[in-house]
Amino acid sequence: VQLQASGGGLVQAGGSLRLSCAASGRTFSRYAMGWFRQAPGKEREFVAGITSSGGTTYYAESVKGRFTISRDNAKNTMYLQMNSLKPEDTAVYYCAAGSYSSNVREYIYWGQGTQVTVSS
């Protein structure tokens, strides 16, 4: 599975962005998917995850209530709707495919990342 993340950009605090993760290959629907982020000087951290069917989702506490993860298996695409953005959300966002987990080691395939910058 090859993953391509897009949709990042510069937004003011309180604004919204929608990230997309397009997958190639026919096995997209077999994998749980996740979004992670990495700020400069920090470790990569879990943001949100979704099961292969899309029936179950979970979020890091820091984004719960503001971000929504979803997927469209017919389009081989996953999304992250980010609302009420804060400067501390600034990071490179990565999409990944693997097991349903918040552990970065459980994910096999990774996209290249898309930069999200939130100005105060």
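Everything discussed here concerns the structure shown above.
About the thresholds
- Residues numbered from 1 in each chain as written.
- Predicted model: local features only at pLDDT ≥ 70, side-chain atom pairs only at ≥ 80, totals over all residues.
- Heavy atoms only, no water.
- Disulfide = S-S within 2.5 Å.
- Helix = DSSP H or I, 4+ residues; strand = E, 2+ residues; numbered from the N terminus.
- Buried < 20%, exposed > 50% of the residue type's maximum accessible area, 1.4 Å probe, protein only.
- Pairing = 2+ DSSP bridges.
- Phe/Tyr/Trp six-rings, centres within 6.5 Å; stacked < 30°, edge-to-face > 60°.
- Contact = heavy atoms within 4.5 Å.

A closer look at the state of the cysteines
- For the coordinates displayed, the defined rule picks out 1 disulfide.
- What pairs with Cys21 in a disulfide is Cys95, and their sulfur atoms sit 2.2 Å apart. In this structure, the disulfide formed by Cys21 and Cys95 twists by about 70 degrees around the S-S bond and is classed as right-handed. Taken together, the positions of Cys21 in strand S3 (residues 17–24) and Cys95 in strand S9 (residues 91–98) put the pair 74 residues apart, joining distant regions of the chain.
- Residue classification places Cys95 among the buried residues on the basis of a relative accessible area of 0%.

Notes on the pairing of S9
- Taken across its 8 residues, S9 has 7 buried, putting it largely inside the fold.
- In the sheet, strand S4 (residues 32–38) pairs with S9 via 7 bridges, with the strands oriented antiparallel. In the strand pairing of S9, Gln38 is matched with Val92.
- Here 3 bridges tie S9 to strand S11 (residues 114–119), and the two strands are oriented antiparallel to one another.

Details of the packing of aromatic side chains
- For the structure shown, the criterion picks out 7 aromatic pairs.
- Ring geometry for Phe36 and Trp110: centres 5.1 Å apart, planes at 55 degrees, overall tilted. Remark: Trp110 occurs in strand S10 (residues 107–110) and Phe36 occurs in strand S4; sequence separation between them is 74 residues.
- For Phe36, a relative accessible area of 1% corresponds to the buried category.

A look at the environment of Leu80
- Here Leu80 is to be found in strand S8 (residues 77–82).
- Residue classification places Leu80 among the buried residues on the basis of a relative accessible area of 0%.
- Sequence separation between Leu80 and Cys21 is 59 residues; the distance between their C-alpha atoms is 8.5 Å.
- Apart from residues no more than four positions distant in its own chain, Leu80 is found in contact with Leu17, Arg18, Leu19, Trp35, Val47, Ala48, Phe67, Thr68, Ile69 and Tyr93.

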